[in-house]
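Commentary on secondary and tertiary structure
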Amino acid sequence: MFITISDALKLPSLREGEVVAGLGGLNRRIHRVSVCECPDLPIDLEIIGKENLLFVEGEFLITSFYALKDSRDLLLDTIKLYNKYNSSGICIVKRYFKEIDKSVIDYANKVNYPIIMIRRDIPYADIIMDVSKALLSNQDSQINISILNDILNENNTKEEIVSLAYRLNPRFLENISVLCISFDKYDESKAKYLMSLFENRPDTFLTLYYNYILMFVYSDNKISKEEMDRNVKRMTAILDSQVSKYNIGISNSFEKLYQIKAAIEQSISSCKVSKFEDSKTELYNQIGTYKLLMTIKENEILKTFYEEFMQPLIEYDSNKKGDLVKTLLLYIKHKGNIKSMAKESFQHENTIRYRVFKIKELLGFEDREFEFFENICMIYKISKILKM
């Protein structure tokens, strides 16, 4: 289990910390956090070198360097020692060292060893607690991802799924529904921060699943649409204030815990559709034919269907320097409204009508309006899935 220096800098106690050197080492991994106020400096390097008695790899150190306040010339050698034994970085409290000598800065930049300076009024205990919680949370996230993968396994019995569900959260009740949240420029630290903002209710459970946040809503009774709406409202209020763009997928409500597998799959599918359609939220029971298309595991089938259908338009555009493919997508977007198509494309309405007629002619749908719209809507959705 580990977090990076970059992750640590997003924690409440370190958020205002200043990285004065070693910016190139922000991806260093923290495995443990320790206070280093050793009074026995200078350290006997010969003893340390034989047994490495003081450090573990990935140790993040907190210190005011009290022991060096009267021996500033030893700071460089001390930083070299910490780096030699693979300390992830150091956080220096501005008590005895308000500034760091240039020789130390230059060395830390050269070896990408992060040196962070923080205000003296920030308690060591806050830093230790924040980093330790983040380390434990990261471990829990990996365990939960493993359990979720096991739940989504095709070969589980109902009993096995229920057993796995209780491993994920022992408080689950029979009725269950799932919300899946994704946001642009995913960052795990940001995701965990968002989770901390969501109201901690006794009938909900939140966890990370790769680039998603999953919220499980559970109850003794059937979960109503009104209850799910309240959860979505609370969630969107937080997301609106924290991220620029996000998507939420909402599963159906299920009355048996073994159906948690379907609930998870539905929430993820509807979250993807929300992204396709550039909408903030999508209910699984309203995503239409996406339900069918997204169950086709082999994208090659969809790709072949798409290419065969679109080939006449692609060839026409290539030979005639036309815009039929673009016009077709515009036609779907505006649901066949010629006037709004013309307005967006800055084309005369008659030009748009001719292009639409040409599309129908090339695809063999001149006198079959219903079949034409049915097929192009399917093609539009397949194009979104293929870009996923």
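Our structure's up above, just so we're on the same page.
Please read all numbers here as calculations on a predicted model, not as lab measurements. (Residues numbered from 1 in each chain as written. Predicted model: local features only at pLDDT ≥ 70, side-chain atom pairs only at ≥ 80, totals over all residues. Heavy atoms only, no water.)

**Quick look at the packing of aromatic side chains**
Per the stated rule, a full pass over the model turns up 14 aromatic pairs. One aromatic cluster is present, built from ring pairs that chain together F309, Y331, F365, F372 and F373. One Lys or Arg, R15, reaches over the ring of Y193 and ends 5.5 Å from the middle of that ring. Taking NZ or CZ as reference, K80 lies 5.6 Å from the ring centre of Y107, over its face. (Phe/Tyr/Trp six-rings, centres within 6.5 Å; stacked < 30°, edge-to-face > 60°. Lys NZ or Arg CZ within 6 Å of the ring centre and 35° of its normal.)

**Quick look at the pattern of salt bridges**
Here the structure, examined in full by the defined rule, presents 18 salt bridges. Between E344 and K333 there is a salt bridge, and its shortest N-O distance comes to 3.1 Å. With E344 in helix α13 (residues 338-345) and K333 in helix α12 (residues 324-333), the pair connects residues that are 11 residues apart, well separated along the chain. Of the residues examined, K333 reaches a relative accessible area of 53% and is grouped as exposed. (Salt bridge = Lys/Arg side-chain N within 4 Å of Asp/Glu carboxyl O. Helix = DSSP H or I, 4+ residues; strand = E, 2+ residues; numbered from the N terminus. Buried < 20%, exposed > 50% of the residue type's maximum accessible area, 1.4 Å probe, protein only.)

**A closer look at the sheet that holds strand β11 (residues 246-250)**
Taken in spatial order, the five strands make up an open sheet running β9-β10-β8-β11-β12, and their pairing is mixed. In this open sheet, the two strands that pair with only one neighbour each are β9 (204-209) and β12 (281-283). Averaged over all pairs of adjacent strands, the angle between their axes in this sheet comes to 20°, without regard to strand direction. Alignment of strand β8 (residues 175-183) against β11, held across five bridges, turns out to be antiparallel. Bridge assignment links F183 to a residue of β11, and that residue is Y246. Where helix α8 (residues 225-242) meets the sheet, it contacts β8, β9, β10 (212-219), β11 and β12, and its direction lies at approximately 170° from that of β11. (Pairing = 2+ DSSP bridges. Axes fitted to C-alpha atoms, helices over the stretch in contact; angles between N-to-C directions. Contact = heavy atoms within 4.5 Å.)

**Structural notes on unusual backbone geometry**
Not every positive phi belongs to a glycine, and F65 is a case in point at roughly 55°. Locating F65 in the fold gives a position in the loop between β5 (59-63) and α3 (75-84). Looking at F65, the relative accessible area reads 2%, which means it is buried. Unlike most non-glycine residues, K321 shows phi in positive territory, near 55°. Of note, K321 is situated in the loop between α11 (299-320) and α12. Of the residues examined, K321 reaches a relative accessible area of 77% and is grouped as exposed.

**Description of helix α6 (residues 158-168)**
Considered for burial, the residues of α6 that qualify are I161, L164, A165 and L168. What you see down the axis of α6 is that its buried residues fit within an arc of 105°, all on one side. Along α6, exposed side chains directed more than 90 degrees from the buried face belong to E159 and R167. Check the buried side of α6 and you find it contacts α5 (124-151), β9, β10 and α9 (260-276). (Arc of directions from axis to C-beta.)

**Let's talk about the pairing of β9**
Among the six residues that make up β9, six are buried, leaving the element largely enclosed by the rest of the structure. Burial along β9 is two-sided: the face carrying T204, L206 and L208 and the face carrying F205, T207 and Y209 are both buried. Relative to β10, β9 is paired through six bridges, and the arrangement is antiparallel. When the bridges of β10 are listed, L208 appears paired with I213. In sequence, β9 turns back onto β10 through a hairpin of two residues, with Y210 there showing a positive phi of about 55°.

**Considerations on the state of the cysteines**
Under the criterion given, the structure shown has zero disulfides. Just so you know, C271 is unpaired, no disulfide at all, and the nearest cysteine sulfur is the one on C180, 3.9 Å from it. On the basis of relative accessible area, C271 is assigned to the buried category, the value being 1%. (Disulfide = S-S within 2.5 Å.)

**Here we look at the sheet that holds strand β4 (residues 32-35)**
Taken together, the five strands give an open sheet; going across it, the order is β2-β7-β6-β5-β4, and neighbouring strands pair in mixed fashion. Each end of this open sheet is capped by a strand with a single partner; those strands are β2 (18-21) and β4. Adjacent strand axes in the sheet meet at a mean angle of 25° when their direction is disregarded. Pairing geometry for β5 and strand β6 (residues 89-93), over four bridges, is parallel.

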